[in-house]
Amino acid sequence: MSSARAALIREYWSLLEADGVDHLIRPAITADEHARLVGRIRNQAERTAAVHGAQNLLAEYTGGKRGEAPSEPRDAYAETAGRIEAALQALGFDLPGTVYVGEYPHQSFNAQARSMHNGTLLLINTGLHYLIYEVALALSTSAGVAERTHDSRIRVRKTSRDARRHQAAAATTLANELAAYILHTDSRRGGKQQVDTTARGFLGYLLAESAATFAVAHEYGHFLAGHLERRRPNEREWLLKSREQEFEADEIGMLLTLKAHELDPDIAALSFWKQVTVGGAFLFFGLDHLLNRIRAEVDDLPAALIVSDHPPSDARAAALRRTLSELEGPDIFQLADAYVLTRAGHEDEVLASVPRLLREQ
Amino acid sequence: MNVFVLSHRCAHCILHQAVYGEDEYLAVFETALATRCPLCGVRPRSNDDLVVLLFEDEVEGIHTGASPWRKTGQVPKAVSRFLGVGDAARTTGRGDFATSLRDRYSQTSNRRTPDYQEFSDHWAKTVGFQFGDEAYETGDFARAALWFERAAGVLEDPTHLAVAQTHLGLALQELGENHKAVSAFRAALDCKRADRTVLVVAAQQLAPMLKELGDIDGARDAYRIAMELNVSGSSETAAVDLGVLEYDEGNQATAKALWDQAYRSSGDAKAGAAHNLGWYWEQAGDLEQARRYYKVAAKSSVEKVAPRAADRLRVLPPAPPRRFFGRKR
């Protein structure tokens, strides 16, 4: 790590401590807690696989390793940032300065940036990363499994009664999680999706990873396009961007995310990796869309709970759709369209959950 | 359901799209017309250049409700713009970095090509020959040659490949591209494990073409191949034709031997051989022998051969009265 980046990271932690929010980013976890967590994940994974009658791929994925409790504060976006910067380099560009991606409870669904002495901080709202994974997991639970028969016909595997119950529970939990995220910036207060390490679950994780990478790459887009240079407020202020710049950052973010996934042999080995990658960006827009609907339609919602400073997500999705259609062709939206519709089917349930959780506060 | 659009202009799959309803299906044509082929950049000129392929079971599934494709039917208005429905999307404004990134991404990351190559190969293998044949029947030999060529590029079964190459040769022949046609027929003959009945057709097409191009030895070899393939009817016809070539080259004895060989067979080749032997003996001055062979040819029902032999019989001087020793009629 360069000394400039190390200095920027120190500045980041100073900022968190000064604002009294470092405990949100640095959750302490003991070895015992870690072991219990791993055990719980394994049990859930086995149960979910049994419900769906599918193979549990967890052992295959982890190679049987249990891992150890992290001794350092978690750096949730280090790997994502590294992959985006590698994609940038592969495309023949240098990073024009020092950047660090971290979490900060700024209440905005979209990432924010701050100019510091040692570089630029790109800050993702606390809890967003977790929420995205939960949403993707819930959506993948709704996915049906279709198979080609030996005579090339399509056969949809029948969903068992247990699996249908599991899907219904996932949808309800998702509604509660989204509502909790809006009200408390912590989706965990609304429940938790069951771990799913079947092929269907891994598709969900991949979708979530794509969404999270897009969110970070979008903010890199602002940085790379020079949007963060034009106005330099002091370190206590967020760097502001124009709505027009958001569209440009979306395009840059999407292309960097696609390139980052192309460079990842595990992801690029999938024949539909581009569809999943684009699906992640549209999942991100879909969540933003839902939050905007809640803000517009739920009465008595405290104004400060959700910050909206970006163009409408459907306009962003439409603009990105045009770019991707030109570069990749329309078939790249196959998974994105399916997930948009599935997620849209949950919106009313979420909208109903928010007032209920508000009343229960 | 999956929709694949193929272009007759380049014989490639130029568009693959998942569509969920009639509106989107109809929109595919518009999209396809504005689409440059991802493989060769050729753009279709009109709907006539397009062919749309669907999987029958997926279409049936939509009718019966068994399709795994979008079940909701109507797109909720709230997310219509996500799906490209409604107002045209804005064009993203780009600064220097975004413009360069887009350019470099297009140059280094356009991975559509392998997908479309795979789609194109699949369809060329499964329907390429059919499209070529249909075009040939309607006299569009350029389109036919294109599809036959694509099919020949991907077919693996030696007989299928030989059929495609032979038809490619025929289409090229119609287009006057004789050298290319020769290559196609030769490529068909290279399919050693193909069905003999297919190979013999290629050889019989190749031989006269080489003869026309002045490659007499090549033509001779092609006829020999056709004969050695030993396909009833065709191999004897090849012998008759090779005999004509040898006769024209001044090798009358060889020609006669070949026609004699074909004469011993039955079927159309026998009639042709009989006619040619009649001619051989007529030229040799043995009118009796000539008459004998012409009569065999004239009695056959083979079109062109029978009337021509009958004509020769009419112009030959009448046969002298037969004389029998010690006896008068």
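Residues numbered from 1 in each chain as written. Chains lettered and ligands numbered in written order. Predicted model: local features only at pLDDT ≥ 70, side-chain atom pairs only at ≥ 80, totals over all residues. Heavy atoms only, no water.

1. What to know about the overall build of chain B
- For chain B, the helix and strand inventory stands at 14 helices and three strands.
- A burial count over chain B gives 44% of its 329 residues as buried.
- The long-range fraction of contacts in chain B, counting pairs at least 24 apart against all pairs at least 6 apart in sequence, stands at 53%.
- Within the structure as shown, chain B displays about 17,800 Å² of accessible surface, and the carbon and sulfur contribution to it stands at 48%. (Helix = DSSP H or I, 4+ residues; strand = E, 2+ residues; numbered from the N terminus. Buried < 20%, exposed > 50% of the residue type's maximum accessible area, 1.4 Å probe, protein only. Contact = heavy atoms within 4.5 Å. Areas by Shrake-Rupley, 256 points an atom, 1.4 Å probe, with all protein chains shown as cover.)

2. Observations concerning the overall build of chain A
- Across its full length, chain A carries 14 helices and five strands.
- For chain A, with 361 residues in total, the buried portion stands at 57%.
- By sequence separation, contacts in chain A at least 24 residues apart represent 74% of the contacts at least 6 residues apart.
- Summed over its atoms, the accessible surface of chain A is roughly 15,500 Å², and 50% of this surface lies on carbon and sulfur atoms.

3. A closer look at the confidence of the model for chain B
- On average, residues of chain B score 88 in pLDDT, and 90% of them reach the 70 mark or higher.
- The ipTM, which scores confidence in the relative placement of chains, is 0.86 for this predicted complex, and the corresponding pTM is 0.67. (pLDDT = per-residue confidence, 0-100.)

4. Some points on the sheet that holds strand β2 (residues 12-18) of chain B
Residues and elements named next belong to chain B.
- Within the open sheet, the three strands sit side by side as β2-β1-β3. Their pairing is antiparallel. At either margin of the open sheet sits one strand with a lone partner, and together these are β2 and β3 (50-54). On average, each strand axis in the sheet is inclined to that of its neighbour by 25°, with strand direction left out of account.
- By the bridge criterion, six bridges tie strand β1 (residues 2-7) to β2 in an arrangement that is antiparallel. Looking at β2, one finds that Val5 is bridged to Leu15. (Pairing = 2+ DSSP bridges. Axes fitted to C-alpha atoms, helices over the stretch in contact; angles between N-to-C directions.)

5. Side note on the sheet that holds strand β2 (residues 112-116) of chain A
Residues and elements named next belong to chain A.
- The sheet built from three strands is open, its strands ordered β1-β3-β2 with mixed pairing. In this open sheet, the two edge strands, each paired with only one partner strand, are β1 (99-104) and β2. Averaged over all pairs of adjacent strands, the angle between their axes in this sheet comes to 30°, without regard to strand direction.
- Where β1 lies against strand β3 (residues 119-125), six bridges are found, and the strand directions are parallel.

6. Points about the interface of chain A and chain B
- Taken together, the contacts link 48 residues of chain A with 43 residues of chain B.
- Interface area, chain A with chain B, both sides summed: about 4,200 Å², of which 58% is carbon and sulfur.
- Residue B:Arg102 pairs with A:Glu251 through a salt bridge whose shortest N-O separation is 3.8 Å.
- Our enumeration of links across chain A and chain B arrives at five residue pairs in polar contact (both at pLDDT 80 or more). (Buried area = accessible area lost by both parts, 1.4 Å probe. Salt bridge = Lys/Arg side-chain N within 4 Å of Asp/Glu carboxyl O. Polar contact = N/O pair within 3.5 Å; in protein donor to acceptor, adjacent residues only side chain to side chain.)

7. Some thoughts on the packing of aromatic side chains
- Under the defined criterion, the tally for this structure stands at 21 aromatic pairs over all chains.
- On the numbers, 6.1 Å between centres and 75° between planes, the contact of A:Phe282 with A:Phe285 is edge-to-face. With A:Phe282 and A:Phe285 both in helix α11 (residues 273-297) and three residues apart, this pair spans about one turn of that helix.
- Its relative accessible area of 0% is what places A:Phe285 among the buried residues.
- Measuring from ring centre to ring centre gives 5.1 Å for B:Tyr263 and B:Tyr293, while their planes differ by 80°; the resulting arrangement is edge-to-face. Placement of the pair is B:Tyr263 in helix α11 (residues 252-263) and B:Tyr293 in helix α13 (residues 287-299), with a sequence separation of 30 residues. (Phe/Tyr/Trp six-rings, centres within 6.5 Å; stacked < 30°, edge-to-face > 60°.)

8. What to know about the packing of helix α3 (residues 31-52) of chain A against helix α7 (residues 161-184) of chain A
All names here are of chain A.
- Across the interface, α3 lies against α7 with an axial gap of 7 Å and an inter-helix angle of 125°. Judged by the inter-axis angle, α3 sits oblique to α7. Contacts from Thr48, Val51 and His52 in α3 reach Asp162, Ala163 and His166 in α7.
- Counted by class, the contact of α3 with α7 contains two nonpolar, three polar and one charged residues. (Parallel < 35°, antiparallel > 145°, perpendicular 65-115°, else oblique. Nonpolar A, V, L, I, M, F, W, Y, C, P; charged D, E, K, R; others polar.)

9. Quick word on helix α10 (residues 234-248) of chain B
Residues and elements named next belong to chain B.
- Its 15 residues give α10 an end-to-end C-alpha distance of 21 Å, which sits within 8% of 21 Å, the value for a rise of 1.5 Å per residue.
- Burial analysis of α10 places 11 of its 15 residues in the buried class, the great majority of the element.
- Where the residues of α10 are buried, they touch α8 (196-212), α9 (216-228), α11 and α12 (268-284).
- Gly250 sits one or two positions beyond α10 and adopts a positive phi of about 90°. (Expected span 1.5 Å × (residues − 1).)

10. What about a nonpolar patch on the surface?
Residues and elements named next belong to chain A.
- A cluster of nonpolar side chains, Ile29, Leu37 and Ile41, forms an exposed patch at the surface whose accessible area comes to about 190 Å².
- In this fold, Ile29 is placed in the loop between α2 (22-25) and α3.
- Judged by relative accessible area, Ile29 falls into the partly exposed class, the value being 31%. (Patch = residues over 30% accessible without salt bridge, like charges linked within 9 Å, V, L, I, M, F, W, Y side chains within 5 Å.)

11. Things to note about the pairing of β1(B)
Residues and elements named next belong to chain B.
- When you tally the buried positions in β1, you get six out of six residues, the bulk of the element.
- What sits between β1 and β2 in their antiparallel hairpin is a turn of four residues, with Ala11 showing a positive phi close to 60°.
- Bridge analysis of β1 against β3 gives five bridges, and the strand direction is antiparallel. Bridging across to β3, Val3 finds its partner in Leu54.

12. Quick notes on the environment of B:Arg9
All names here are of chain B.
- Within the secondary structure, Arg9 sits in the loop between β1 and β2.
- On a C-alpha basis, the gap between Arg9 and Arg143 in space is 7.3 Å, while along the polypeptide they are 134 residues apart.
- For Arg9, the residues in contact, after removing those within four places along its chain, are Val42, Arg43, Pro44, Arg45, Asp49 and Leu146.
- Polar contacts involving the side chain of Arg9 include one to the main-chain carbonyl oxygen of Arg43, which spans 3.0 Å.

13. Here we look at the packing of α11(A) against helix α13 (residues 334-344) of chain A
Residue and element names in this part refer to chain A.
- Packing of α11 against α13 leaves a shortest axis separation of 7 Å and a crossing angle of 25°. Between α11 and α13, the angle falls in the class roughly parallel. Read as a crossing pair, α11 and α13 show a hand that is right-handed. Every residue of α13 that contacts α11 at Gln275, Val276, Val278, Gly279, Phe282, Gly286, Leu287, His289 and Leu290 is listed here: Gln334, Leu335, Ala336, Val340 and Arg343.
- Residue composition of the contact of α11 with α13, grouped by class: eight nonpolar, five polar and one charged. (Left-handed = near helix turned anticlockwise from the far one by under 90°.)

14. A word on the pattern of salt bridges
- Within the structure shown, the criterion is met by 27 salt bridges over all chains.
- Put simply, A:Asp288 and A:Arg316 hold a salt bridge, and the shortest N to O gap is 3.9 Å. Here the residue A:Asp288 occupies a position in helix α11, and A:Arg316 occupies one in helix α12 (residues 313-328), the gap between them amounting to 28 residues. In terms of burial, A:Asp288 and A:Arg316 fall into one category: buried.
- Between B:Arg220 and B:Glu246 there is a salt bridge whose closest N-O contact spans 2.8 Å. With a gap of 26 residues between them, B:Arg220 in helix α9 and B:Glu246 in helix α10 connect regions that are remote in the sequence.
- Residue B:Glu246 is classed as buried on the basis of its relative accessible area of 5%.
- Several salt bridges converge on common partners, so that one network encompasses B:Arg45, B:Asp49, B:Asp140 and B:Arg143.

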